[in-house]
Amino acid sequence: VTNIDINGGSIDGVTIGAASAPTVSDIDINGGTIDGVTIGATTPPTVTDLGSVATCDINGGTIDGVTIGATVAPTVTNLGSVADCDINGGTIDGVTIGATTAPTVTDLGSVAT
């Protein structure tokens, strides 16, 4: 057989990709379930555990009531232990700069006496 075109039905007991992984360029699933998740449902499923994620790009939504991408940054009350931090603005109240080691100052700009 040189060419097969199957437009419907099922193949029982056949493992697709048993010897080598197939190349999939287009799949259109309009119904059914995968691991208990209904495909084509009107309400997306609730995911409780993503496991280990190396890279994540979140462009919207909320995390514990904090709107992602909101115009006002959330207030963080406890960062825990931070190994490296680069702060480019804001204020720090009650902090003595150079308390144990004098800082190196490269430019003070204009200082009034």
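See the structure shown above.
This report concerns the structure included in the present document. Along every chain, residues carry numbers that run from 1 in the direction the sequence is written. In view of the model being predicted, local features appear only for residues whose pLDDT reaches at least 70, and side-chain atom pairs are presented and counted only at 80 or more, with totals across whole chains, interfaces and linings using the full set of residues. Heavy atoms throughout the structure, all of them, feed into the side-chain values; hydrogens and water do not.

1. Focus on the overall build of the chain
(1) Moving on: Secondary structure elements follow DSSP: runs of H or I of four or more residues count as helices, runs of E of two or more count as strands, with numbering from the N terminus. If you tally the helices and strands in the chain, you get zero helices and four strands.
(2) Moving on: When its helices and strands are written in sequence order, the chain yields β-β-β-β.
(3) Moving on: Structurally, the chain occupies a C-alpha span of about 90 × 35 × 25 Å along its principal axes.
(4) Moving on: Buried positions account for 0% of the 113 residues belonging to the chain.
(5) Moving on: About 11300 Å² of surface is accessible on the chain, with carbon and sulfur atoms providing 51% of the total. Burial here depends on accessible area, computed with a 1.4 Å probe over protein chains only, as a share of the maximum for the residue type. Under 20% is buried, over 50% is exposed, and the range in between is partly exposed. Each accessible area value is a Shrake-Rupley result obtained with a 1.4 Å probe; residue values ignore everything except the protein chains displayed when judging cover.

2. A few points about the environment of Gly80
(1) Moving on: With respect to the element layout, Gly80 can be found in the segment after strand E4 (66-67).
(2) Moving on: A residue is classified by how much of its surface remains accessible, and Gly80, at 56% relative accessible area, is exposed.

3. Here's the deal with a nonpolar patch on the surface
(1) Moving on: On the surface, a cluster of nonpolar side chains totalling about 730 Å² of accessible area is made up of Val1, Ile4, Ile6, Ile11, Val14 and Ile16.
(2) Moving on: Owing to a relative accessible area of 57%, Ile6 belongs among the exposed residues under this scheme. A patch consists of residues exposed above 30% relative accessible area that lack any salt bridge, with like charges linked at up to 9 Å and nonpolar side chains (Val, Leu, Ile, Met, Phe, Trp, Tyr) linked at up to 5 Å. Within this document, salt bridges are pairs made up of a side-chain nitrogen of Lys or Arg and a carboxyl oxygen of Asp or Glu, the two lying within 4 Å of each other.

4. Details of the environment of Asn88
(1) Moving on: Among the structural elements, Asn88 can be located in the segment after E4.
(2) Moving on: With a relative accessible area of 73%, Asn88 lands in the exposed category.

Bear in mind that shape data such as this cannot, by itself, settle questions of function.
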